[in-house]
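Per-entry structural report
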Amino acid sequence: MNLTVLLALVDRINRLILYLDDFDKGFAGDDDLSKRLAGMLLTWMQERTSEVLIIASANNIQWLPPELTQKWALRRDFSR
């Protein structure tokens, strides 16, 4: 399932918890695809009208693009 289809489905369901496991692995590369995915996710997060709680786990948050960690306003870091 691609990200566009997933986000459209989440919007249709409306109220849910979206859990993104190993979120950092999708951004491990420094390529155009990673940048497009981050941009798509950020745009959706800003423009969505659905009530979605997003929870993501990551082993290496340094792999995440800076705009995701800043714009996404990670509330808590539960790393040890």
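Throughout what follows, the structure given in this document is the object of discussion.

Rules used throughout
Residues numbered from 1 in each chain as written. Predicted model: local features only at pLDDT ≥ 70, side-chain atom pairs only at ≥ 80, totals over all residues. Heavy atoms only, no water. Helix = DSSP H or I, 4+ residues; strand = E, 2+ residues; numbered from the N terminus. Buried < 20%, exposed > 50% of the residue type's maximum accessible area, 1.4 Å probe, protein only. Contact = heavy atoms within 4.5 Å. Polar contact = N/O pair within 3.5 Å; in protein donor to acceptor, adjacent residues only side chain to side chain. Phe/Tyr/Trp six-rings, centres within 6.5 Å; stacked < 30°, edge-to-face > 60°. Lys NZ or Arg CZ within 6 Å of the ring centre and 35° of its normal. 1 Å grid on protein atoms, 1.4 Å probe; cavity = no way out; pocket = protein on both sides within 12 Å on 5 of 7 lines; lining within 4 Å. Points joined across faces, edges and corners; volume = space filled by probe spheres on them. Nonpolar A, V, L, I, M, F, W, Y, C, P; charged D, E, K, R; others polar.

We now examine the overall build of the protein chain. When helices and strands are tallied, the protein chain shows 3 helices and 2 strands. The burial tally for the protein chain puts 25% of its 80 residues in the buried class. Here the analysis covers contacts within the protein chain between residues at least 6 apart in sequence; of these, 80% occur between residues at least 24 apart.

Moving on, we get to the environment of Arg48. Relative to the elements of secondary structure, Arg48 occurs in the loop between helix H2 (32-47) and strand S2 (52-56). For Arg48, a relative accessible area of 26% corresponds to the partly exposed category. Spatially, the C-alpha atoms of Arg48 and Asn14 are 9.7 Å apart, while their sequence positions differ by 34 residues. Ignoring anything within four residues of it in the chain, the contact list for Arg48 reads Asp11 and Ile54.

A few words on helix H1 (residues 3-13). Among the residues of H1, the N-terminal cap falls to Asn2, whose side-chain oxygen and the backbone nitrogen of Thr4 are separated by 3.1 Å. One or two steps after H1, the chain reaches Asn14, where phi turns positive at roughly 80 degrees.

Let us now look at the packing of aromatic side chains. Taken as a whole and assessed by the stated rule, the structure comprises 0 aromatic pairs. A cation sits over an aromatic face here: Arg48 above Trp44, 5.3 Å from the ring centre.

What the second largest pocket holds in volume is close to 210 Å³. Taken together, 13 residues form the lining of the second largest pocket, with Leu3, Leu20, Phe23, Phe27 and Leu37 sitting closest to its centre. Every element with two or more residues in the lining of the second largest pocket is listed here: H1, strand S1 (16-20) and H2. When grouped by side-chain class, the residues that make up the lining of the second largest pocket number 9 nonpolar, 2 polar and 2 charged.

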